[in-house]
Amino acid sequence: MATTIRRAVIPAAGLGSRLLPLTKATPKEMLPVGDKPVVEHTVRELVASGITDITIVVSGGKGLIQDHFRPNPALVAQLRADGKAAYADAVEEVGELSRLGHITYLDQHGPYGNGTPVLNAARNFGDEPMLVLWPDDVFVAEVPRAQQLIRAYEATSCPVLALMPMDPADSQRYGVPVVKEDLGDGLLRITGLVEKPKPQDAPSAYAAIGGYVITPGIVDELREQTKRWYEHQTGEIYLTDAINAYAGSRAVYGQVIQGRWYDTGNPLAYLTAQFAAALADPEYGPHLRRLASELDQPAE
């Protein structure tokens, strides 16, 4: 029987360089999508999926993330005194997320690479499996992406990667899984990932996106990578490399996620996510659809 997943890691130490200069002073995780910063979408997804211990791995200049989730009773009291109950409720609800998810913060240290924050957080997790979600992804799904990953782990007791169907022409943007077996209901047995292959070399029509169930065996592979890094002081520590090393002799699965995925890591993707969120809003959506229609008409 698989161990219940209680813990999750959100790596939020990156520079957000693809969004500069927008992210020069504002962490990319705090850019709004709809009426919430993108990292709040991730935290809400985890809490809705039963996660009770969230570690956000940060670096210098990310204090706004902590400020956002920190309860602010004085502001709530002032808003209520001013008769602004709806705003007070909204501020209070965000602070409550910190308690429900038991959010803690960890300063990143060690070599560069997206495997480093996972290894940093894992030192506090013992032998428990954990979810890893990037904070620049927004998923809109009837069943949260995190819950879909947890269900796949409960069915397999093995590491699980979130997958989405992709246009083969886009393969050079993603890690593409090597699929060994299709087990139905979107669950795939995979034997590794090929990073950013040319379309003709892509081993499948799926892209690995921002979501993982990481087991202690993957963490062991990250430790081995880090040991080699300290010996040679070259390269970076990548989660993909650890997964590939693990998959060479042990089972790894991919779960095709049901839902819509919005990446916010580059300008066009961020604008797309923001536009989609605005159109979906019941109050603002109709107005914006009319505006888009008007702007699409040729000028007289």
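By convention here, each chain's residues receive numbers from 1 onward along its written sequence. Residues qualify for local features only when their pLDDT is at least 70, as the model is predicted, and side-chain atom pairs are given and counted only at 80 or more; totals for whole chains, interfaces and linings, by contrast, use all residues. The basis for every side-chain value is the complete set of non-hydrogen atoms in the structure, without hydrogens or water.

**Comments concerning the nonpolar core**
Just so we agree on the cut-off: Grouping buried Ala, Val, Leu, Ile, Met, Phe, Trp, Tyr and Cys residues that are joined through side-chain atoms within 4.5 Å yields what is termed a nonpolar core. Working definition: with a 1.4 Å probe on protein chains only, accessible area under 20% of the residue-type maximum means buried, over 50% means exposed, and in between means partly exposed. A run of H or I in DSSP counts as a helix once it spans at least four residues, and a run of E counts as a strand once it spans at least two, with each numbered from the N terminus. Here, two residues are considered to be in contact whenever any of their heavy atoms come within 4.5 Å of each other.
Grouped together as the largest cluster of nonpolar side chains are 35 residues, with contacts concentrated most on L46, I51, I54, I56, F69, L131 and L149. For this core, the element with the most residues is helix α6 (residues 145-156), which contributes five residues. Apart from residues lying up to four places away in sequence, L131 is in contact with I5, R7, A8, V9, L46, I51, A146, L149, I150, Y212 and V213. Listed in part, the 30 residues of the second largest apolar core include V132, L161, L188 and A247.

**Details of the pattern of salt bridges**
Rule in force here: Salt bridges, as used here, are contacts in which a Lys or Arg side-chain nitrogen is within 4 Å of a carboxyl oxygen on Asp or Glu.
What the rule picks out here adds up to 17 salt bridges. Residue R44 is joined to E93 by a salt bridge in which the shortest nitrogen-to-oxygen separation is 3.1 Å. Of the two residues, R44 sits in helix α1 (residues 38-48) while E93 sits in helix α4 (residues 85-100), which places them 49 residues apart along the sequence. A relative accessible area of 42% means that E93 is categorised as partly exposed. With a closest N to O distance of 3.4 Å, K227 and E224 form a salt bridge. Linking K227 with E224, this pair stays in helix α7 (residues 216-232), spanning three residues, or about one helical turn. Look at E224 and you get partly exposed, because its relative accessible area is 35%. Three or more residues joined by partner-sharing salt bridges are found here, namely R6, R7, D53 and E128.

**Examining the packing of aromatic side chains**
Note the following rule: Note on aromatic contacts: the rings of Phe and Tyr and the six-membered ring of Trp form a pair at centre separations within 6.5 Å, being stacked when their planes are under 30 degrees apart, edge-to-face when over 60 apart, and tilted otherwise.
Per the counting criterion, the structure on display carries three aromatic pairs. Relative to Y212, the ring of W134 lies with its centre 5.9 Å away and its plane at 70 degrees, an arrangement referred to as edge-to-face. On the criterion of sequence distance, the pair formed by W134 in the loop between β6 (130-132) and β7 (137-140) and Y212 in strand β11 (residues 206-214) is long-range, its members being 78 residues apart. Assigned by exposure class, W134 and Y212 land together as buried. An angle of 55 degrees between the planes, with centres 6.0 Å apart, marks the rings of Y174 and W261 as tilted. Residue Y174 is located in the loop between β8 (160-165) and β9 (175-182), and its partner W261 is located in strand β13 (residues 260-263); the two are separated by 87 residues in the primary sequence. Taking the relative accessible area as the measure of exposure, Y174 reaches 14% and is therefore buried. An aromatic cluster is defined as three or more aromatic residues linked by ring pairs; in this entry it consists of F139, Y174 and W261.

**Regarding the packing of helix α3 (residues 73-81) against α4**
Angle between the axes and distance between the axes: these two values describe a pair of packed helices. Going by this rule: To obtain each axis, a line is fitted to C-alpha atoms, and for helices this fit is confined to the stretch in contact; angles are then taken between N-to-C directions over 0 to 180 degrees. Orientation categories follow fixed angle ranges, with anything under 35 degrees roughly parallel, anything over 145 roughly antiparallel, 65 to 115 roughly perpendicular, and all other angles oblique. Left-handed is the label given to a crossing in which the near helix is rotated counterclockwise from the far helix by less than a right angle, and right-handed is the label when the rotation is clockwise. For this classification, Asp, Glu, Lys and Arg are treated as charged, while Ala, Val, Leu, Ile, Met, Phe, Trp, Tyr, Cys and Pro are nonpolar and the rest, including Gly, are polar.
At a closest axis distance of 7 Å, the pairing of α3 and α4 adopts a crossing angle of 165 degrees. As summarised for this structure, α3 and α4 are arranged roughly antiparallel, according to the angle between their axes. Like other packed secondary-structure pairs, α3 and α4 cross with a definite hand, here left-handed. On α4, the residues that touch L75, V76, L79 and R80 of α3 are A85, Y87, A88, D89, V91 and E92. Classifying every residue of the contact of α3 with α4 gives seven nonpolar, no polar and three charged.

**Some details on the pairing of β8**
Quick reminder of the rule: Here, strands pair whenever DSSP counts at least two bridges between them.
Taking burial as the measure, the six residues of β8 include five buried ones, the bulk of the element. Direction of pairing for β8 relative to strand β12 (residues 252-256): parallel, over a ladder of four bridges. In the strand pairing of β12, L163 is matched with V256.

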